[in-house]
Amino acid sequence: MTNPVLNPAFYSAGEFRRRALNQSGSPLEVASIEHGDHVLNPAIVARVSGLKLKDAAVLVPVVDDPDGAKVILTQRTATLRKHSGQIAFPGGGVDAADGSVEAAAVREAQEEIGLSPQFVQPVARLPDYFAATGFRITPVLSVVQRGFDLKLNPTEVDRVFEVPLSFLMDPANHQRGTRDFNGVEHHFYRMPYGEWNIWGITAGILRTLYERLYA
C-alpha cells in the first residue's frame, strides 16, 4: 500500500480543504491553549489572553498546484514597528468595515502583496493566536488558484515566497527553540527552509495547522 504521506494527493489543495473543514480537536473558541507554541508557554498565554487585545487576521494562502500545494509567505520590511523583518502570513488589523475576519484577511493580502480576491477562497479558521505584542490573531485558511499576479507594498513587505505544504506539515521539520524576551523565557517553533527562517507566530500557527489537520 502506498504511504499517503508520500502521495502528492495527500498534500493537494483539495485534501487540505477537506481536512480544514473537518478539523480534529476542541471547538475553535476553546482550542487556542491546546495547540502550537501556546502549549509551550502556558503562563505567558494566560497573561496575554487576559489583556485587552486588538483583533487581527492573517490569510493562510494554500496555492492549488498539481504537484502538491504551496503556502505563500512574506518577509516583512525592516522598518515596521512590530515584527519587522520576520516571516509572516499576509494580514493585519480587523477594521469595523470588514464585517468578518475572512474579509479582513483577504483585504490585507490584497493590500500587502496584491493578491486579488478573485483567486482566494476562504475555507475555515484555526483557533486564535494570542500574540504578546497585543493582538488576537485569527488565521483564515484559504485555497488560492493560480493566475494571480502579485505586487508587493514596499512599506510592508520586502519579499514573497512559497513553501511546499508537504515540508511545513512534516513534523521532522519542526524545530524548537528558546529566547529571552525582557527577562521572560519564550519557547517557540522554527521551520528553516532554504534561506528563510520561519519562526515565532508564523511557525506557531503552522504547528497548529499540522496538529489540527495532519497529525
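Our structure is the block above this text.
Keep in mind that what you see is a predicted model, and the values were worked out from it rather than measured.

S.K.: Sorry, what's going on with helix 1 (residues 13-21) here?
M.R.: A turn of α-helix holds 3.6 residues, and therefore any two residues three or four places apart point the same way. Every buried residue belonging to helix 1 is among Ala13, Glu15, Phe16, Arg19 and Ala20, and all of these are buried. The buried residues of helix 1 occupy an angular sector of 160° when the element is viewed end-on, so they sit on one face. Looking at the buried residues of helix 1, the elements they touch are strand 1 (54-63), strand 5 (120-125), strand 7 (135-144), helix 5 (165-168) and helix 6 (200-214).

S.K.: Mind showing me how you'd approach the packing of aromatic side chains here?
M.R.: Geometry of an aromatic ring pair is reported as the spacing of the ring centres plus the angle between the planes. Per the counting criterion, the structure on display carries seven aromatic pairs. Note on Phe10 and Tyr11: the rings are 4.9 Å apart at their centroids and 90° apart in plane angle, and the pair reads as edge-to-face. Just as Phe10 is buried, Tyr11 falls in that class too. Ring geometry for Phe119 versus Phe148: centroids 6.4 Å apart, planes at 75°, classification edge-to-face. With Phe119 in the loop between helix 4 (101-113) and strand 5 and Phe148 in the loop between strand 7 and strand 8 (157-164), the pair connects residues that are 29 residues apart, well separated along the chain. Like Phe148, Phe119 is buried.

S.K.: Can you help me understand the pattern of salt bridges in this one?
M.R.: Where side chains of opposite charge bring their charged atoms close, a pairing between them can arise. Tallied over the full model, the rule gives 14 salt bridges. Taking the shortest distance from any N to any O, the salt bridge between Asp98 and Arg107 comes out at 2.7 Å. Neither residue differs from the other here; Asp98 and Arg107 are each classed as buried. Via salt bridges that share partners, Asp65, Asp67, Lys70, Arg146 and Glu162 belong to a single interconnected network.

S.K.: Can you help me understand the sheet that holds strand 11 (residues 196-199) in this one?
M.R.: Backbone hydrogen bonds hold the strands of a sheet together, and the pairing may be parallel or antiparallel. In space, the three strands of this open sheet follow the order 9-10-11, with antiparallel pairing throughout. Among the strands making up the open sheet, the edge pair consists of strand 9 (175-181) and strand 11. With strand direction ignored, the average angle separating the axes of adjacent strands in the sheet is 40°. Relative to strand 11, strand 10 (residues 184-193) runs antiparallel, the two being bridged by four bridges. Residue Pro192 lies in a different strand from strand 11, and its bridge partner there is Asn197. On the sheet, helix 6 packs against strand 10 and strand 11 and is oriented at approximately 75° with respect to strand 10.

S.K.: When you look at the side chain of Asp65 in this model, what are you seeing that I'm missing?
M.R.: When you line up the elements, Asp65 lands in the loop between strand 1 and strand 2 (70-76). Given a relative accessible area of 11%, Asp65 falls into the buried group. Ignoring any residue separated from it by four or fewer positions in sequence, one finds Asp65 in contact with Lys70 and Arg146.

S.K.: Mind showing me how you'd approach the side chain of Asn41 here?
M.R.: Structurally, Asn41 can be placed in the loop between helix 2 (28-31) and helix 3 (42-49). Of the residues examined, Asn41 reaches a relative accessible area of 8% and is grouped as buried. A distance of 2.7 Å separates a polar side-chain atom of Asn41 from the backbone oxygen of His187. Once residues within four sequence positions are removed from consideration, Asn41 is found in contact with Glu185, His186 and His187.

Quick notes on the rules
Residues numbered from 1 in each chain as written. Predicted model: local features only at pLDDT ≥ 70, side-chain atom pairs only at ≥ 80, totals over all residues. Heavy atoms only, no water. Buried < 20%, exposed > 50% of the residue type's maximum accessible area, 1.4 Å probe, protein only. Helix = DSSP H or I, 4+ residues; strand = E, 2+ residues; numbered from the N terminus. Arc of directions from axis to C-beta. Contact = heavy atoms within 4.5 Å. Phe/Tyr/Trp six-rings, centres within 6.5 Å; stacked < 30°, edge-to-face > 60°. Salt bridge = Lys/Arg side-chain N within 4 Å of Asp/Glu carboxyl O. Pairing = 2+ DSSP bridges. Axes fitted to C-alpha atoms, helices over the stretch in contact; angles between N-to-C directions. Polar contact = N/O pair within 3.5 Å; in protein donor to acceptor, adjacent residues only side chain to side chain.

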